[in-house]
Amino acid sequence: TSVFVECAMHSTQCNREILIEEKKNFEQGHMRHMHNIFQEIDIDRSGSMTFEELKSWLVSSVALQEYLRALDLNPTDTLTLFELLDEDGSGEIGLQEFCHGCLRLRAEARAFDLHC
């Protein structure tokens, strides 16, 4: 029995490590996708996006809307989305602010779903 218990504990540890690695890989992939989206939205290549840039892209890009929905982000209320992403209230969203904000919103949406 001790061999069985030891094997089960080792298997559990391996599964835990695999889950952690998969989560890291998923988040890194998500950040790359957010980076690519940011570059598409940042029309003037200033390194930050304005409300108008975000609004313009969300209105004109059905593919971007669908992509954001696939990432569990709701693009329908552009002003609210912009305000939630603009963490420092500067009126512009930088790359890091955008990526981290999208991850945060995604996590909050998932937590809300779990609690409802």
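By convention here, each chain's residues receive numbers from 1 onward along its written sequence. Totals for whole chains, interfaces and linings use every residue, but because this is a predicted model, local features are given only for residues with pLDDT of at least 70 and side-chain atom pairs only at 80 or more, for both listing and counting. With hydrogens and water set aside, each side-chain value is computed from the structure's full complement of heavy atoms.

### A word on the pattern of salt bridges
When the charged atoms of two side chains lie near each other, side chains of opposite charge can form a pair.
Line of reasoning, step 1. By definition, a salt bridge exists where a carboxyl oxygen of Asp or Glu is found within 4 Å of a side-chain nitrogen of Lys or Arg. Considering all chains together, one arrives at two salt bridges under this definition.
Line of reasoning, step 2. E27 is the partner of K23 in a salt bridge, and the nearest nitrogen-oxygen pair spans 3.4 Å. Of this pair, K23 and E27 both sit in helix α1 (residues 2-41), separated by four residues, roughly a single helical turn.
Line of reasoning, step 3. Take K23: its relative accessible area is 41%, and that puts it in the partly exposed class.
Line of reasoning, step 4. Note on E27: relative accessible area 33%, which makes it partly exposed.
Line of reasoning, step 5. Its salt-bridge partner being R104, residue E87 comes within 2.4 Å of it at the nearest N-O pair. With E87 in the loop between α4 (78-85) and β2 (92-94) and R104 in helix α5 (residues 95-115), this residue pair connects regions lying 17 residues apart in the sequence.
Line of reasoning, step 6. Exposure is judged per residue with a 1.4 Å probe applied to protein chains only, and the accessible area is read against the type maximum: over 50% gives exposed, under 20% gives buried, and values in between give partly exposed. When its relative accessible area of 25% is taken as the criterion, R104 is described as partly exposed. Comment: elements are numbered from the N terminus, with helices defined as DSSP H or I runs of at least four residues and strands as E runs of at least two.

### Describing the packing of helix α2 (residues 51-60) against α4
Line of reasoning, step 1. Axis lines are fitted through C-alpha atoms, for helices just across the contact stretch, and the angle between N-to-C directions can take any value from 0 to 180 degrees. Contact geometry for α2 and α4: axes closest at 10 Å, N-to-C directions at 135 degrees. Looking at the two axes, α2 sits oblique to α4. Of the two elements, α2 crosses α4, and the hand of that crossing is right-handed. In this structure, α2 uses F51, L54, K55 and L58 to contact α4, whose residues at the interface are T78, L79, L81 and F82.
Line of reasoning, step 2. Residue classes follow a fixed rule: Ala, Val, Leu, Ile, Met, Phe, Trp, Tyr, Cys and Pro count as nonpolar, while Asp, Glu, Lys and Arg count as charged, and any other residue, Gly among them, counts as polar. Split into classes, the residues belonging to the contact of α2 with α4 amount to six nonpolar, one polar and one charged. The cut-offs work like this: below 35 degrees is roughly parallel, past 145 is roughly antiparallel, 65 to 115 is roughly perpendicular, and the gaps in between are oblique. Whether a crossing is left-handed or right-handed is set by the direction in which the near helix is turned from the far one by less than a right angle, anticlockwise for left-handed and clockwise for right-handed. Contacts were defined at the residue level, with two residues in contact if any of their heavy atoms lie within 4.5 Å.

### Some thoughts on the side chain of S48
Line of reasoning, step 1. If you trace the backbone, S48 turns up in strand β1 (residues 48-50).
Line of reasoning, step 2. Polar contacts involving the side chain of S48 include one to the side chain of E92, which spans 3.0 Å.
Line of reasoning, step 3. Setting aside its immediate chain neighbours within four residues, S48 contacts F38, D42, E53, E92, I93 and G94. Pairing of N or O atoms within 3.5 Å defines a polar contact, subject to two protein rules: one partner must be a possible hydrogen donor and the other a possible acceptor, and residues neighboring in sequence count only if both atoms are side-chain atoms.

### Here we look at the packing of aromatic side chains
Line of reasoning, step 1. In summary, the pairing rule links any two rings of Phe, Tyr or Trp, Trp by its six-membered ring, whose centres are within 6.5 Å, and it sorts them by plane angle into stacked for under 30 degrees, edge-to-face for over 60 and tilted for everything else. This model, assessed by the stated rule, comprises two aromatic pairs.
Line of reasoning, step 2. The interplanar angle of 50 degrees and the centroid separation of 5.7 Å between the aromatic rings of F38 and F98 together place this pair among those described as tilted. Separated by 60 residues along the polypeptide, F38 in helix α1 and F98 in helix α5 bring together distant segments of the chain. The exposure classification of F38 matches that of F98, with both residues buried.
Line of reasoning, step 3. Their ring planes at 85 degrees and their centres at 5.8 Å tell us that F51 and F82 sit as a pair that is edge-to-face.

### Comments concerning the confidence of the model for the chain
Line of reasoning, step 1. Every residue gets a pLDDT, meaning the predictor's confidence in that residue, from 0 to 100. A residue-level look at the chain finds 84% of positions with pLDDT of 70 or above and a mean pLDDT of 80.
Line of reasoning, step 2. β2 holds the highest mean pLDDT among the elements of the chain, 96, whereas α5 holds the lowest, 71.

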